[in-house]
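The chain contents come next:
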Amino acid sequence: MVDNKLYISYNQIHQLIDDAVGRFDLGDSYNPDLIIAIGGGGFIPARILRSFLKAKHGRNIPIQAIGLSLYEELPNVGLGGAPEAPGTQVTKTQWLNFGGADSLVSLLGRKILVVDEVDDSRKTLVYAVAELQKDIREQERQAGVPAGESGTEIGIFVVYNKDKAKAEELPPGVMARYYPAATTPDRWLCFPWDCVTDIGEHTARAMQPRS
Ligand SMILES: O=P(O)(O)OC[C@H]1O[C@H](OP(=O)(O)OP(=O)(O)O)[C@H](O)[C@@H]1O
Ligand SMILES: Nc1nc2[nH]cnc2c(=O)[nH]1
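Residues numbered from 1 in each chain as written. Chains lettered and ligands numbered in written order. Predicted model: local features only at pLDDT ≥ 70, side-chain atom pairs only at ≥ 80, totals over all residues. Heavy atoms only, no water.

1. Some thoughts on the packing of helix H1 (residues 10-23) against helix H2 (residues 43-57)
The relative placement of two packed helices comes down to the angle between their axes together with the axis-to-axis distance.
1) Next: Packing of H1 against H2 leaves a shortest axis separation of 10 Å and a crossing angle of 40°. When the axes of H1 and H2 are compared, the pair comes out oblique. For the element pair H1 and H2, the recorded crossing hand is right-handed. Each of Tyr10, Ile13, His14, Ile17, Asp18 and Val21 in H1 lies in contact with H2, whose residues at this interface are Ile44, Pro45, Ile48, Leu49, Phe52, Leu53 and Lys56.
2) Next: Grouping the amino acids of the contact of H1 with H2 by side-chain chemistry returns 10 nonpolar, 1 polar and 2 charged. (Axes fitted to C-alpha atoms, helices over the stretch in contact; angles between N-to-C directions. Helix = DSSP H or I, 4+ residues; strand = E, 2+ residues; numbered from the N terminus. Parallel < 35°, antiparallel > 145°, perpendicular 65-115°, else oblique. Left-handed = near helix turned anticlockwise from the far one by under 90°. Contact = heavy atoms within 4.5 Å. Nonpolar A, V, L, I, M, F, W, Y, C, P; charged D, E, K, R; others polar.)

2. What to know about empty space enclosed by the protein
1) Next: A full pass over the atoms with the stated rule returns 1 cavity of 30 Å³ or more.
2) Next: One number sums up the size of the largest cavity: a volume of about 40 Å³.
3) Next: Lining of the largest cavity is provided by Gly27, Asn31, Pro32, Leu53, His57, Arg59 and Ile61.
4) Next: Considering only residue class, the lining of the largest cavity consists of 3 nonpolar, 3 polar and 1 charged. (1 Å grid on protein atoms, 1.4 Å probe; cavity = no way out; pocket = protein on both sides within 12 Å on 5 of 7 lines; lining within 4 Å. Points joined across faces, edges and corners; volume = space filled by probe spheres on them.)

3. Let's talk about the packing of aromatic side chains
1) Next: The tally for this structure, following the rule as stated, stands at 6 aromatic pairs.
2) Next: Measuring from centroid to centroid gives 6.3 Å for Tyr10 and Trp193, while their planes differ by 55°, and the two rings are tilted. Within this pair, whereas Tyr10 is found in helix H1, its partner Trp193 is found in the loop between strand E8 (188-190) and helix H5 (199-207), the two being separated by 183 residues in sequence.
3) Next: The partly exposed category is assigned to Tyr10, whose relative accessible area is 38%.
4) Next: Centre to centre, the rings of Tyr30 and Tyr179 are 6.3 Å apart; their planes meet at 20°, and the pair counts as stacked. Of this pair, Tyr30 sits in the loop between H1 and strand E2 (34-39) while Tyr179 sits in strand E7 (residues 178-184); the two residues are 149 residues apart in sequence, bridging distant segments of the chain.
5) Next: Taking the relative accessible area as the measure of exposure, Tyr30 reaches 3% and is therefore buried. (Phe/Tyr/Trp six-rings, centres within 6.5 Å; stacked < 30°, edge-to-face > 60°. Buried < 20%, exposed > 50% of the residue type's maximum accessible area, 1.4 Å probe, protein only.)

4. With respect to helix H3 (residues 123-143)
A turn of α-helix holds 3.6 residues, and therefore any two residues three or four places apart point the same way.
1) Next: With 21 residues, H3 extends 30 Å between its outermost C-alpha atoms, agreeing within 8% with the 30 Å of an ideal straight helix rising 1.5 Å per residue.
2) Next: Turning to H3, its buried residues are Thr124, Leu125, Val126, Ala128, Val129, Glu131, Leu132, Asp135, Ile136, Gln139 and Glu140.
3) Next: At the C-terminal side of H3, Gly144 shows a positive phi close to 75°. (Expected span 1.5 Å × (residues − 1).)

5. Points about the site of ligand 2
1) Next: Near ligand 2, the surroundings consist of Tyr71, Val118, Asp120, Lys162, Arg187, Trp188, Leu189, Phe191 and Asp194.
2) Next: Within the side chain of Lys162, a nitrogen or oxygen atom sits 2.6 Å from an oxygen atom of ligand 2.
3) Next: Notes on ligand 2: free accessible area 280 Å², of which the protein chains cover 91%.
4) Next: With respect to the detected pockets, ligand 2 is housed in the largest pocket.
5) Next: Across the shell around ligand 2, the residue classes break down as 5 nonpolar, no polar and 4 charged. (Near = heavy atom within 4 Å. Polar contact = N/O pair within 3.5 Å; in protein donor to acceptor, adjacent residues only side chain to side chain. Areas by Shrake-Rupley, 256 points an atom, 1.4 Å probe, with all protein chains shown as cover. Sits in = over half its atoms within 2 Å of the grid points.)

6. Remarks on the environment of Val114
1) Next: One can find Val114 in strand E5 (residues 111-119).
2) Next: Here Val114 falls in the buried class, since its relative accessible area comes to 1%.
3) Next: In this structure the C-alpha to C-alpha distance between Val114 and Phe157, which are 43 residues apart in sequence, comes to 6.1 Å.
4) Next: Other than its neighbours up to four places away in sequence, Val114 contacts Ile36, Ile38, Leu125, Leu132, Ile154, Gly155, Ile156 and Phe157.

7. Topic: the pairing of E2
1) Next: When you tally the buried positions in E2, you get 6 out of 6 residues, the bulk of the element.
2) Next: Of the two faces of E2, the one lined by Leu34, Ile36 and Ile38 and the one lined by Ile35, Ala37 and Gly39 are each fully buried.
3) Next: When E2 meets E5, the two strands line up parallel, connected through 4 bridges. If you follow Ile36 over to E5, its bridge partner there is Val114. (Pairing = 2+ DSSP bridges.)

8. Focus on the nonpolar core
1) Next: Membership of the largest hydrophobic core comes to 27 residues, with the highest contact counts inside it found for Ile13, Ile17, Leu26, Leu49, Leu113, Phe157 and Tyr160.
2) Next: Residues within four places of Leu26 in sequence aside, it is in contact with Val21, Leu53, Lys56, Leu113, Phe157 and Tyr179.
3) Next: Counting 25 residues, the second largest nonpolar core, distinct from the first, contains Leu70, Val114, Val174 and Tyr178. (Core = buried A, V, L, I, M, F, W, Y, C linked by side-chain atoms within 4.5 Å.)

This is the structure we're talking about:
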């Protein structure tokens, strides 16, 4: 049976992020001051990205986490696990804390970089951006700033963009700040943090020439 999965190693992710920060001139052409990581898959890439942006600008960018889920896990069938089945709608499992007395995050005027490990159908990113835009409008309203005039910008960094027709589209202003570290065929990606068997074997598979 043909293994249609693509195995990815930690080093490959690290190297792709390093290359992408230089290639896209991230930190200069778009200089984020807030990273929003979409968990769980966006957490490790966001942390690596923060190191490369700090190396460039000497400034640690805060990382805030949101939790979104679209894919359900199928029973595990060996190394790398089974591909997961897409659900029909994205669900929020965790969101930013703002607005109340214990508010931690102001979005106004921020240059936000949303980070995830893979852009597949694009549903997750579209949902995240739409929800963030609602929050920005609400914060503008609370601050008495006309809608859309706070100077807040949203960009997107993904480690892998799957080369396929997307189910949904991002707003053009956000697509202008869309940074995919790599483009990959429409195959199931097995990330190293999903590996619960032998990480050495997983890494060896990741290093084999792609078929
Ligand atoms: O482009 P899409 O088709 O929306 O898929 C991409 C999303 O799918 C995965 O999340 P998942 O729902 O599996 O949650 P997880 O990160 O917690 O595993 C991945 O981390 C992305 O967030
Ligand atoms: N691990 C993993 N999660 C995903 N979520 C959407 N596409 C993928 C994929 O190819 N691999």
